[in-house]
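For reference, the chains in residue letters:
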Amino acid sequence: MTKVCVVAAGGTGGHMFPAEALAREMAARGWRVVLATDRRGEQYAQAFPAEARLALGAAAGRGPIGLLKAGLAILKGVGQAKAAFRRTGADVVVGFGGYPSAPALLAAVTTRRPTVIHEQNAVLGRTNRYLAPSVGVIAAAFPTLGRAPDKVRDRVQLVGNPVRPDIRALFDRPYVAPADGGPIHVLVTGGSQGARILSE
């Protein structure tokens with residue numbers, strides 16, 4: 001029987017693109033892939049290699065009322081994820097951060113399914129930081145992982161950042177210096193905050 005990997009990510013391309021790279025690798029290894037995200041994450045998922053997509057309830061909030069609304073949305077998403085996991089028979093849930101990954105991971109933890117979170121940054125993001133004590137493995141992109149609770153450090157595995165094949169294909173391309181006075185083209189990658197800071 002083919003195993004099912006649920007990839008949970010959303011919000012920005014900084015979460016979705018590494019998730020897509022993992023999904024492609026898992027599919028190539030014969031796994032069935034299901035994407036769990038929210039409506040905002042779906043805009044980055046046109047080419048996502050998943051046989052099914054779960055649009056789960058999720059939200060972030062500020063202030064007492066905003067946090068209450070976000071909590072209710074996430075609880076709704078957890079219920080949706082549990083029902084979907086029963087249908088699909090999810091074998092593992094891998095989260096890539098951002099609040100849209102929370103419902104799927106919480107559903108996996110509470111139903112005792114194997115879980116992994118991947119952190120693309122050198123500092124553990126808010127959602128991953130909250131979930132880290134409950135998941136099985138924390139996959140890190142960098143050797144240091146700031147804000148990781150001490151009790152999870154023995155479960156951190158250095159794996160780097162998964163990249164999509166079209167990005168990987170650029171690795172061996174030699175650098176060509178621009179002609180005198182020519183423009184220098186810079187590609188800025190990363191999550192929305194890091195990309196914005198680097199761009200500015």
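Our subject is the structure that appears above.
I will try to describe carefully the structure that is included in this document.

### Comments concerning the packing of aromatic side chains
How two aromatic rings sit relative to each other is set out by the distance from centre to centre and by the angle between their planes.
Step number 1: Taken as a whole and judged by the stated rule, the model has 0 aromatic pairs.
Step number 2: Taking the ring centre of Phe17 as reference, the NZ or CZ of Arg164 above it sits at 4.0 Å.

### Description of the environment of Ala148
Step number 1: Structurally, Ala148 can be placed in the loop between strand 6 (137–140) and strand 7 (156–158).
Step number 2: On a C-alpha basis, the gap between Ala148 and Arg126 in space is 10 Å, while along the polypeptide they are 22 residues apart.
Step number 3: Residues in contact with Ala148, not counting those within four places in the same chain, are Leu124 and Arg153.

### A word on the sheet that holds strand 3 (residues 52–55)
Step number 1: Taken together, the 7 strands give an open sheet; going across it, the order is 3-2-1-4-5-6-7, and neighbouring strands pair in parallel fashion. Of all strands in the sheet, those with a lone pairing partner are strand 3 and strand 7, marking the two edges. Across the sheet, the mean angle separating the axes of adjacent strands is 25° when strand polarity is ignored.
Step number 2: Alignment of strand 2 (residues 32–37) against strand 3, held across 4 bridges, turns out to be parallel. In the strand pairing of strand 3, Leu35 is matched with Arg53.
Step number 3: Along the sheet face, helix 1 (residues 13–28) touches strand 1 (4–8), strand 2 and strand 4 (92–95) and points at about 165° away from the line of strand 2.
Step number 4: The sheet contacts of helix 3 (residues 63–88) involve strand 1, strand 2, strand 3 and strand 4, and relative to strand 3 the element is tilted by about 160°.

### A look at helix 3
Step number 1: Compared with the 38 Å implied by 1.5 Å per residue over 26 residues, the 36 Å span of helix 3 between its first and last C-alpha is a close match.
Step number 2: Among the residues making up helix 3, those that are buried are Gly66, Ala70, Ala73, Ile74, Gly77, Val78, Ala81, Ala84, Phe85 and Thr88.
Step number 3: Buried residues along helix 3 sit in contact with strand 1, strand 2, strand 3, strand 4 and helix 4 (102–110).
Step number 4: Phi turns positive, to about 70°, at Gly89, one or two residues after helix 3.

### Looking at the pattern of salt bridges
Step number 1: In total, this model carries 5 salt bridges according to the counting rule given.
Step number 2: Between Asp150 and Arg153 there is a salt bridge, with the nearest N and O atoms lying 3.4 Å from each other.
Step number 3: Look at Asp150 and you get exposed, because its relative accessible area is 66%.

### What to know about the environment of Ala81
Step number 1: Structurally, Ala81 can be placed in helix 3.
Step number 2: Given the relative accessible area of 0%, Ala81 is considered buried.
Step number 3: Put simply, Ala81 and Leu106 are 25 residues apart on the chain and 8.8 Å apart in space, counted from C-alpha to C-alpha.
Step number 4: What Ala81 contacts, discounting residues up to four positions off in sequence, is Leu56, Pro103, Ala104 and Ala107.

Thresholds applied
Residues numbered from 1 in each chain as written. Predicted model: local features only at pLDDT ≥ 70, side-chain atom pairs only at ≥ 80, totals over all residues. Heavy atoms only, no water. Phe/Tyr/Trp six-rings, centres within 6.5 Å; stacked < 30°, edge-to-face > 60°. Lys NZ or Arg CZ within 6 Å of the ring centre and 35° of its normal. Helix = DSSP H or I, 4+ residues; strand = E, 2+ residues; numbered from the N terminus. Contact = heavy atoms within 4.5 Å. Pairing = 2+ DSSP bridges. Axes fitted to C-alpha atoms, helices over the stretch in contact; angles between N-to-C directions. Expected span 1.5 Å × (residues − 1). Buried < 20%, exposed > 50% of the residue type's maximum accessible area, 1.4 Å probe, protein only. Salt bridge = Lys/Arg side-chain N within 4 Å of Asp/Glu carboxyl O.

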